[in-house]
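# A look at the structure
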Amino acid sequence: MNTKRVNWWAIFWGILAILYFFLPMYGTLDFSLRMKRGEISLMAYEIVFSDPRFWEGFRYSTIMALITIAVSALIFVPTVYWMHLKVPQARPLVELVTILPFIIPPIVYVFGLIRTFSRPPLQLTRTPFTTDILIVTGYVVISMPYMFRAVDAGMRAIDVRSLTEAAQSLGSNWFQVLAYVIIPNLRIAILSGALICFATVMGELILASFLVRPALGPYMALLGLTKAYEPAALAIISYALTWFSLGLIQLVSRGGTAQQLTGR
Amino acid sequence: MTHLELIHIHKSFGSTVAVEDFNLSVRQGEFVSFLGPSGCGKTTTLRMIAGFELPSSGTIMLDGKDLTYTPPNKRNVGMVFQSYALFPHMTVAQNVGYGLKIAGQSKSQIAARVEEMLSLIQMEAFANRYPHQLSGGQQQRVALARALAIRPKVLLLDEPLSALDAKIRLELRQEIRRIQQQLGITTVYVTHDQEEALSLSDRIVVMNQGKIEQIGTPTEIYNEPATEFVAQFVGYINLLPVKVVTPSEGVVRLGNQLIRAGRFGHLNDKPVRLAVRPEELKSGFAEGANNLSGRVESVTYLGSIIRIRMEVEGHLLTLDMFNERRFTVPKAGESLSVHFPIEACWLL
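Residues numbered from 1 in each chain as written. Chains lettered and ligands numbered in written order. Predicted model: local features only at pLDDT ≥ 70, side-chain atom pairs only at ≥ 80, totals over all residues. Heavy atoms only, no water.

Moving on, we get to the interface of chain A and chain B. Opposite the 24 residues of chain A that make contact, chain B presents 23 residues. Of the roughly 2100 Å² buried at the junction of chain A and chain B (both faces included), carbon and sulfur atoms supply 61%. Summed over the three residues of chain A that lose the most area to chain B, namely E165, S169 and L170 of chain A, the buried surface amounts to 30% of that side. Across the chain A-chain B interface, the total number found is one salt bridge. Close ionic contact of R47 of chain B with E165 of chain A constitutes a salt bridge, the shortest N to O distance being 2.6 Å. (Contact = heavy atoms within 4.5 Å. Buried area = accessible area lost by both parts, 1.4 Å probe. Salt bridge = Lys/Arg side-chain N within 4 Å of Asp/Glu carboxyl O.)

To continue, consider helix α2 (residues 92-102) of chain B. For α2 of chain B, the buried fraction is high: eight of the eleven residues fall into the buried class. All of the buried residues along α2 of chain B are V92, N95, V96, G97, Y98, G99, L100 and I102 of chain B. In this structure, the buried side of α2 of chain B is in contact with α9 (160-169) and α10 (174-202) of chain A together with α3 (107-120) and α4 (136-149) of chain B. In the segment just after α2 of chain B, G104 of chain B is the residue with positive phi, at about 80°. (Buried < 20%, exposed > 50% of the residue type's maximum accessible area, 1.4 Å probe, protein only. Helix = DSSP H or I, 4+ residues; strand = E, 2+ residues; numbered from the N terminus.)

This brings us to the pattern of salt bridges. On inspection of all chains with the given rule, the structure shows 23 salt bridges over all chains. A salt bridge links D63 of chain B to K153 of chain B; the nearest nitrogen and oxygen atoms lie 3.9 Å apart. With D63 of chain B in the loop between β4 (57-62) and β5 (65-66) and K153 of chain B in the loop between α4 and β7 (154-158), the pair connects residues that are 90 residues apart, well separated along the chain. We classify K153 of chain B as partly exposed; its relative accessible area is 33%. Sharing partners across several salt bridges, the network here consists of R161 and E165 of chain A together with K11, R47 and E53 of chain B.

Let's shift gears to a nonpolar patch on the surface. All names here are of chain A. Together, L93, L96, V97, L100, F102, I103, I104, I107, V108, F111 and F210 make up a nonpolar patch on the protein surface, roughly 980 Å² of accessible area in all. Looking at the nonpolar patch, the elements with two or more residues in it are α4 (91-98), α5 (100-103) and α6 (106-117). In this fold, L93 is placed in helix α4. (Patch = residues over 30% accessible without salt bridge, like charges linked within 9 Å, V, L, I, M, F, W, Y side chains within 5 Å. Areas by Shrake-Rupley, 256 points an atom, 1.4 Å probe, with all protein chains shown as cover.)

Residues and elements named next belong to chain B. On inspection of all chains with the given rule, the structure shows 22 aromatic pairs over all chains. Each ring, one from F31 and one from Y189, has its centre 5.6 Å from the other, and the planes form 40°; the classification is tilted. Of this pair, F31 sits in strand β3 (residues 31-35) while Y189 sits in strand β8 (residues 186-191), placing them 158 residues apart in sequence. Here F31 matches Y189 in class, with each residue buried. (Phe/Tyr/Trp six-rings, centres within 6.5 Å; stacked < 30°, edge-to-face > 60°.)

What follows covers the sheet that holds strand β17 (residues 305-312) of chain B. Residues and elements named next belong to chain B. Here we have five strands laid out as an open sheet, ordered β15-β19-β16-β17-β18, and antiparallel in their pairing. With one partner strand each, in any of the chains shown, β15 (282-283) and β18 (315-322) form the two edges of the open sheet. Here strand β16 (residues 290-302) pairs with strand β19 (residues 335-340) via six bridges, running antiparallel. Across the sheet, G294 pairs through a bridge with L336, a residue of β19. (Pairing = 2+ DSSP bridges.)

Residues and elements named next belong to chain A. As a packed pair, helix α3 (residues 52-85) and helix α7 (residues 128-142) sit with axes 9 Å apart at the nearest point and diverge in direction by 60°. The orientation of α3 relative to α7 falls into the category oblique. At the point where α3 passes α7, the crossing takes the right-handed sense. Listed contacts from α7 to Y60, M64, I67, T68, V71, S72, I75 and F76 of α3 are D132, I135, V136, Y139 and V140. (Axes fitted to C-alpha atoms, helices over the stretch in contact; angles between N-to-C directions. Parallel < 35°, antiparallel > 145°, perpendicular 65-115°, else oblique. Left-handed = near helix turned anticlockwise from the far one by under 90°.)

With that settled, consider the packing of helix α8 (residues 144-156) of chain A against α10 of chain A. All names here are of chain A. Two numbers describe how α8 lies on α10: the axes approach to 8 Å, and their chain directions differ by 160°. Relative to α10, the element α8 is oriented roughly antiparallel. Note on packing geometry: the crossing formed by α8 with α10 is right-handed. Along its contact with α8, which presents Y146, M147, A150, V151, G154 and M155, the element α10 presents I182, L186, A189, I190, G193, A194, I196 and T200.

On to helix α1 (residues 42-50) of chain B. Residues and elements named next belong to chain B. Burial of α1 is extensive: eight of the nine residues sit out of reach of the surface. When we look at burial in α1, the residues that qualify are K42, T44, T45, L46, R47, M48, I49 and A50. Residue G51 follows α1 closely and has a positive phi angle near 100°.

Now the structure itself:
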């Protein structure tokens, strides 16, 4: 006989949490499908997908996200590696720095960026290209907590010191240690960080708005001011993008178990 | 001929002295073990040979060349780690061939050498497995093959058997010695396990608190310990406080019982201790030997050995006897006489 007691409170809170999350989403989805009076249709989605500004924003944000991921990986993989290997005592300080984007409101950060880089000696807001450089650096900072934590978790799962020393004793220089030993063992961690980075950049509004760049975030905000059904469709598309990214993380994470990572 | 030489090596971490005035010459093909308790500086010394730590002062010479400040990847020194440190994303064959790939060898050369190394460790069938698909013992054998594949001048092993269970440890210990002798490679082995050091080594360096206590063959270390630390650390030993009676003849007194030591230095009025191994003591009385009598405190069965603790003149004395059926094992509380040869005891 099964004597296991049912925890009704757990079920209650679980259902409440699901309703809290899914009900607004269902409402948005339902609303986005009712553009044609009296029938369910994908009209709002058709309008969004046929709008060249959507594709421009999507393309721009995708390119910026990919550059952000590359820059973040180039900065954080060697930095976190060095911290693990040489200065583990610096971890509290590094962790504090990486959560600053959560503490400082983005609007304050953007004004700081604009004030600093819209005047000499380093005037980056003069041309679209240099503004894009500025926006990428901004995105790198905003996505820093996610990338740092993903890479850090990956490093913790492997014996960084022993692997480094083993590779060195076999003749590897620092570049070879990173390229052939450390990074291949971090690929899942880097990919996880990259996908969260991607989702963050794709939905970012404040930086792109104030730096006047054609990103997806400002387009969504602008659409919300003038239209009713299309922003709902865009919100669902944005959700889908985020969930697709999370799904990909799950998929690739399954490929590498903790056993494979630690080698024990 | 000296192959590896450590000259006046000193290493400090801040105000903590890890290694102090370490001097050692290792011959080509010799197997030398660093033996000592945790924190005695043995691993630090090994890491200095590997290049992972820089000595605060002193020189490391290999084949007559100063290696002190050469980076680890330029030393051609093979290293085996306690944690195996196999590359998790590579197969056994890729792990073994990694160093050769870094050295720029051709695929055919790498394949041939990998095959040779896997045959050496008798793991040809495991070439395509990943480290997580191997047992601890198998992983360590692969780590050994990987370190040897690059034909290092010196092989360094940092407590390679510590993470393994007793049976595997024993098997792998014999395998390490077989491979070392087969290849004739100069080997430095770090361990805190005296049995490992005694069974594997040509010479043992016993270390304590960053200093060398004694360098010698396993027999010298066990039978003629130079210091009280070595005597106590390597094997079990009885140390009894005695009073000198005849300094010139090494005659001492334990309570009312006289003992003659086989080895003794210059004796003065300072307190001395008589050292004798438990296995040197035999029950019963013997003419011409040292004889002591006391009362049995406890009897412990250790399988092939029976350990008897007896009280002699207010001090505990341990004797080990083989668990042979013909012996009558004394019981706690009984009186017991023991004897041991004069040459089997010495004064510290």
